[in-house]
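Structure assessment
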Protein chains: 2
Amino acid sequence: MAIGEAPLPDFYPVPGVRLGVAAAGIRKADRDDLVIMELAPGSQVAGVFTRNRFCAAPVLVAKEHLQQSAPRYLLINTGNANAGNGEQGMMDARRCCSALAEASGADAGQVLPFSTGVIGEALPVAAIEAGIPAALANLQDNNWARAASGIMTTDTRPKGATRRITLGGEPVTLSGISKGAGMIRPNMATMLAFVATDAAIAPDLLQQLVSELAEESFNRITVDGDTSTNDACVVVATGQSNAAPVTAGSPLLPVLREAMLSLLQELSQAIVRDAEGATKFVTVTVEQAATRQDALNIAYAVAESPLVKTALYACDPNWGRILAAVGRGGVDDLDVSAVAIYLDDVRIVHQGGRDPQYREAQGQAVMDRSEIGIRICLGMGTVKERVWTCDFSHEYVTINAEYRS
Amino acid sequence: MAIGEAPLPDFYPVPGVRLGVAAAGIRKADRDDLVIMELAPGSQVAGVFTRNRFCAAPVLVAKEHLQQSAPRYLLINTGNANAGNGEQGMMDARRCCSALAEASGADAGQVLPFSTGVIGEALPVAAIEAGIPAALANLQDNNWARAASGIMTTDTRPKGATRRITLGGEPVTLSGISKGAGMIRPNMATMLAFVATDAAIAPDLLQQLVSELAEESFNRITVDGDTSTNDACVVVATGQSNAAPVTAGSPLLPVLREAMLSLLQELSQAIVRDAEGATKFVTVTVEQAATRQDALNIAYAVAESPLVKTALYACDPNWGRILAAVGRGGVDDLDVSAVAIYLDDVRIVHQGGRDPQYREAQGQAVMDRSEIGIRICLGMGTVKERVWTCDFSHEYVTINAEYRS
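Note that residues are indexed from 1 along each chain, following the sequence as it is written. For this description, chains carry letters from A and ligands carry numbers from 1, given in the order in which they are written. Note on the predicted model: pLDDT of at least 70 is required for a residue's local features to be given, and 80 or more for side-chain atom pairs to be given and counted; whole-chain, interface and lining totals, by contrast, use all residues.

1. What to know about the overall build of chain A
Helix and strand definitions follow DSSP, with helices as H or I runs of at least four residues and strands as E runs of at least two, each counted in order from the N terminus. Scanning chain A from terminus to terminus reveals eleven helices and 15 strands. With C-alpha atoms as the basis for the radius of gyration, the globule rule is written as 2.2 Å multiplied by the number of residues raised to the power 0.38. What you see for chain A is a C-alpha radius of gyration of 22 Å, in line with the 22 Å of a compact globule of 405 residues. If one aligns the C-alpha atoms of chain A with their principal axes, the spans along those axes are about 70 × 55 × 35 Å. For the exposure call, what matters is how many other C-beta atoms sit within 10 Å of a residue's own: 20 or more marks it buried, 12 or fewer exposed, and in between partly exposed, using C-beta atoms placed from the backbone. Counting all 405 residues of chain A, 59% fall into the buried class. Contacts here follow a simple rule: the backbone-placed C-beta atoms of the two residues must lie within 7 Å. At a minimum sequence separation of 6, the contacts of chain A that also span at least 24 residues come to 81%.

2. Examining helix H2 (residues 86-104) of chain A
All names here are of chain A. For H2, spanning 19 residues, the distance from its first C-alpha to its last is 28 Å, which sits close to the expected 27 Å at 1.5 Å a residue. Looking at H2, one finds that the buried residues are Gly 89, Asp 92, Ala 93, Arg 94, Cys 96, Cys 97, Ala 99 and Leu 100. Residues of H2 that are buried in the fold lie against strand E2 (34-39), helix H1 (57-68), strand E4 (73-80), strand E5 (111-118) and helix H3 (125-137). Positive phi appears at Gly 105, one or two residues downstream of H2, with a value of about 90°. A helix's residues, less one, multiplied by 1.5 Å, set its expected span.

3. Here's the deal with the sheet that holds strand E3 (residues 44-49) of chain B
Residues and elements named next belong to chain B. An order of E3-E9-E8-E7-E6 is seen for the five strands of this open sheet, with the pairing classed as mixed. The open sheet has two edge strands with one neighbour each: E3 and strand E6 (159-167). With direction set aside, neighbouring strand axes in the sheet form an average angle of 10°. Axis definition: a line fitted to C-alpha atoms, over the contacting stretch in the case of helices. Angles run 0 to 180 degrees between N-to-C directions. Along the sheet face, helix H5 (residues 203-215) touches E3 and strand E9 (232-237) and points at about 35° away from the line of E3. Here, a strand pair is defined by DSSP locating no fewer than two bridges between the strands.

4. Describing the environment of B:Gln44
Turning to its location among the elements, B:Gln44 is positioned in strand E3. Apart from residues lying up to four places away in sequence, B:Gln44 is in contact with B:Ile201, B:Pro203, B:Leu206, B:Ala237 and B:Gly239.

5. Some details on the packing of helix H11 (residues 394-402) of chain A against helix H8 (residues 306-313) of chain B
It is at 8 Å that the axes of H11(A) and H8(B) come closest, and there the two elements cross at 70°. Taken together, H11(A) and H8(B) sit at an angle that is classed as roughly perpendicular. Counted together, A:Val397, A:Asn400 and A:Ala401 of H11(A) and B:Leu307, B:Thr310 and B:Tyr313 of H8(B) form the full contact between these two elements. Within the contact of H11(A) with H8(B), the residues separate by chemical class into four nonpolar, two polar and no charged. Any angle between 65 and 115 degrees counts as roughly perpendicular, while under 35 counts as roughly parallel, over 145 as roughly antiparallel, and the rest as oblique. Amino acids are sorted into nonpolar (Ala, Val, Leu, Ile, Met, Phe, Trp, Tyr, Cys and Pro), charged (Asp, Glu, Lys and Arg) and polar (every other residue, Gly among them).

6. Details of the pairing of E6(B)
Residue and element names in this part refer to chain B. Of the pairings in the sheet, the one linking E6 to strand E7 (residues 170-178) comprises nine bridges and is antiparallel in character. Bridge pairing in E7 places Gly 160 opposite Ile 177. Between the antiparallel neighbours E6 and E7 lie two residues, among them Gly 168 with a positive phi of about 60°.

7. What about the relation of the copies chain A and chain B?
Each of the two chain copies goes to the other by way of a rotation about an axis and a shift along it. In this comparison the copies share one frame, found by least squares on the C-alpha atoms of residues holding pLDDT of at least 70 in both. Superposing chain A onto chain B takes a rotation of 180° plus a shift of 0.0 Å along the axis, which leaves an RMSD of 0.0 Å. Put plainly, the chains are arranged around a two-fold axis. Considering only C-alpha atoms, the residue of chain A closest to the rotation axis is A:His394, which sits at 2.8 Å.

8. A few points about the domain arrangement of chain A
Often, the extent of an interface is quoted as the loss of accessible area upon association of its parts. Residues and elements named next belong to chain A. Start and end points for every domain follow an automatic or database-based domain assignment. Looking at chain A, the domain boundaries give domain 1 (17-273) and domain 2 (281-402). Just the C-alpha atoms count here: the centres of domain 1 and domain 2 sit 33 Å apart. Each partner contributes residues to the interface: domain 1 has ten residues there, and domain 2 has eleven residues. Within the side of domain 1 that touches domain 2, the residues separate by chemical class into three nonpolar, five polar and two charged.

9. Some words on the environment of B:Pro158
Looking at the element boundaries, B:Pro158 is found in the loop between helix H4 (144-150) and E6. As for B:Pro158 and B:Ala199, which are separated by 41 residues in sequence, their C-alpha atoms are 25 Å apart.

10. Brief notes about the interface of chain A and chain B
Listed as interface residues are 52 residues of chain A and, on the opposing side, 50 residues of chain B. Looking at the side of chain A that touches chain B, the elements that each hand over two or more residues are helix H8 (306-313), helix H9 (319-327), strand E13 (353-354) and H11 of chain A. Per element, the largest residue contribution to the side of chain A that touches chain B is eight residues, and it comes from H9(A). Counted by class, the side of chain A that touches chain B contains 20 nonpolar, 23 polar and nine charged residues.

11. Details of the sheet that holds strand E15 (residues 383-390) of chain A
Remark on secondary structure: sheet strands pair via backbone hydrogen bonds, oriented parallel or antiparallel. Residues and elements named next belong to chain A. Taken in spatial order, the six strands make up an open sheet running E13-E12-E11-E14-E10-E15, and their pairing is mixed. Both outer strands of the open sheet, E13 and E15, are each paired with one neighbouring strand and no more. Examined bridge by bridge, strand E12 (residues 346-350) and E13 share two bridges and lie antiparallel to one another. Residue Val 349 lies in a different strand from E13, and its bridge partner there is Arg 354. Docked against the sheet, helix H10 (residues 360-367) engages strand E11 (340-343), E12 and strand E14 (371-377), running at close to 125° with respect to E12.

12. Section: the nonpolar core
Within soluble globular proteins, side chains that are nonpolar generally end up buried alongside one another. A set of buried residues qualifies as a nonpolar core if it consists of Ala, Val, Leu, Ile, Met, Phe, Trp, Tyr and Cys joined through C-beta atoms within 7 Å. A:Val302 and B:Val302 are the most contacted members of the largest nonpolar core, which totals 285 residues. Discounting residues that sit within four places of it in the chain, A:Val302 has contacts with A:Val284, A:Val308, A:Ile322, A:Ala325, A:Val326, A:Ile374 and A:Ile376.

13. Some details on the environment of B:Gly131
Residues and elements named next belong to chain B. Its location among the elements puts Gly 131 in helix H3 (residues 125-137). A tally of 24 C-beta atoms within 10 Å means that Gly 131 is categorised as buried. Residues in contact with Gly 131, not counting those within four places in the same chain, are Ala 22, Ala 24 and Leu 34.

14. Thoughts on helix H9 (residues 319-327) of chain B
With nine of its nine residues buried, H9(B) lies for the most part within the structure. Every buried residue belonging to H9(B) is among B:Trp319, B:Gly320, B:Arg321, B:Ile322, B:Leu323, B:Ala324, B:Ala325, B:Val326 and B:Gly327, and all of these are buried.

15. Regarding unusual backbone geometry
Residue and element names in this part refer to chain A. A positive phi angle, near 55°, is found at Asp 30, a position not held by glycine. Its location among the elements puts Asp 30 in the loop between strand E1 (17-22) and E2. Under the C-beta neighbour-count criterion, Asp 30 is labelled exposed, with 7 such atoms within 10 Å. A positive phi angle, close to 45°, is found at Asn 82, a residue other than glycine. For Asn 82, the position within the fold is in the loop between E4 and H2. Assessed through the 33 C-beta atoms surrounding it within 10 Å, Asn 82 is described here as buried.

16. Comments concerning the confidence of the model for chain A
All names here are of chain A. The pLDDT value tells you how sure the predictor is about a given residue, anywhere from 0 up to 100. Across chain A, pLDDT averages 91, with 98% of residues at or above 70. Ranking the elements of chain A by mean pLDDT puts H11 last, at 87, and H3 first, at 98. Interface scoring of the predicted complex returns ipTM 0.80; its pTM is 0.84.

Written out as structure tokens, the structure reads:
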């Protein structure tokens, strides 16, 4: 199941980036499961990573290497997360980096490793080592679509987005891919996402931009409230376009920021649209909050309520469940008599109770849609936040009860 | 579905308490849905109530009446929660109290109203008014079992517990009933539970006792993390036994406390055992925590993780999901290399990674049981907390996708 149609775009290649893909037999035979992203010398790389305390070994190694030297390769495998594997996991992640370094002539410290898949099983390093030559052999700048498929786990479809903009009159490209369908509530980080642009940006500014934009994209989605051990969002800037370097005070910065935000939002929303078992794409907006934390607390309470999510699955305008989730959302000074709740444009709750004008048929009409907005007005201030989520279906239970078997 | 067999006990009547039950047609025809609990003059009543900000009208009225005068009646209906109904809900709750007061000769302020069922639909006051005479007509001291059935919603079976102890050599009785199967994560309160004893206790001490014991029973269960708008746990002490009054310094207090705790734990665990769609009863214990809040944060992160709960449903010893939930549990200074995790007596995680001694068959043997303990040792201190929960099944989705239809 997945929400709506979402064919991959025709990716614009990003000058300075080539992708190689191989079927290395990491977990299943005959499926692409190993992706190498080669970056031209001089590329800047920035990333945000999971805050789960059981951070996976490849995440630890990637963060370490990112501090050391300018990365030349991203090495991504699906089928095994290499998480919860202790010291062995660290050694395995380093062995993979060394293998790619040897085969390509780079230093091991210039390789950033990423893994996704089952937690707590030993990484099949030999399979990865054996697959690296094949992946290197087909490095191409137009391999984004195959790479998008090569990083999938329970995803039902590959996810990608691409933009071409002008910066000071010069063409600049942004392309990216993402994966993820379950264990999704990124916390100051994301599921796996890899984005590249040929714009030139200083490393500090790129890191600041990625951190800010993740807050408005990947850090605003939730499928099941479970923050993964392996989340990572990496943005590469190769600097190979003819556009002037983007600096902190530059008028080009807002233009690039806008394009990158729209790309990251598209990639993050694609994860929700393909969430395990999902049939509805839901935007939960909390307005008129006193603080950002209040707004987020209530938005997540609603977005993660199993009762709200099963009502969405049933197309049932059961607004009592939304109201109950708002009430337990952790805002102690909430004045319930000031609360209004809308389903798309239909006001269902007014002054804390059922809107006298509301008729169930109106709510039903909204709930029958596959894209639904739940808007909650608190009457306490001016802060607004948005979270994207999905419904909770039989299929979610089936997928997660059968994933390892 | 429900876990194990759980026949109602043969209730010991509590001197000073009579129960009347009627089928008032509140939501469905021909089922008991109205319960009156009559308390002898001089009874002390204490309670804890939901902290959901959208507190239901009957909860507000019950708290108000509890402040005013010594209650003589509890009036409980199922089929409609009278929550989210604004001013009309308050008026409706008061009308029900007045109707019972008129029929019984009490004051309206001596009636505590309780409602459970669907949120946001107008309370059918006329049906309740019409049902009151029938409920009054069958007031009996041995009506606990029928009352337990008369307060059910999606519960598949009635829930009750009963004890006979001696206090200073004198026999004392405690009996109680509870209901609830979904929208269960009581927050400093409980789902509906009504408990009575013929012990004599001063009102302040009774309130203190109920608040403390709720923390160790109802406030440690979670089905779906959704705190209800109508939770209430009420304890009545009629003082009709021959035992000496229980006072703060009395050696009788620990004896009564122990008996009441065991009764409240049995009632609260009965809710988890009958949780919507549940097939497993799971005790999540967090040990060696630095603070109570750390222990509870991690216990709830595990107990409410949809991925852990679907793995339990599948009998899959997928400990990676437990580890991921521990890691996102909000304990920032968690040293993952000190963490151990057990399934019953089987150690699956040692020093933050898979225990080298662990074999999957051992974990599988535990997961095949219907009662499972997950024990997490943090190595940070000496605090221990326990939370009771269940798995997450297809049946949960079915029940909650179909509840209103």
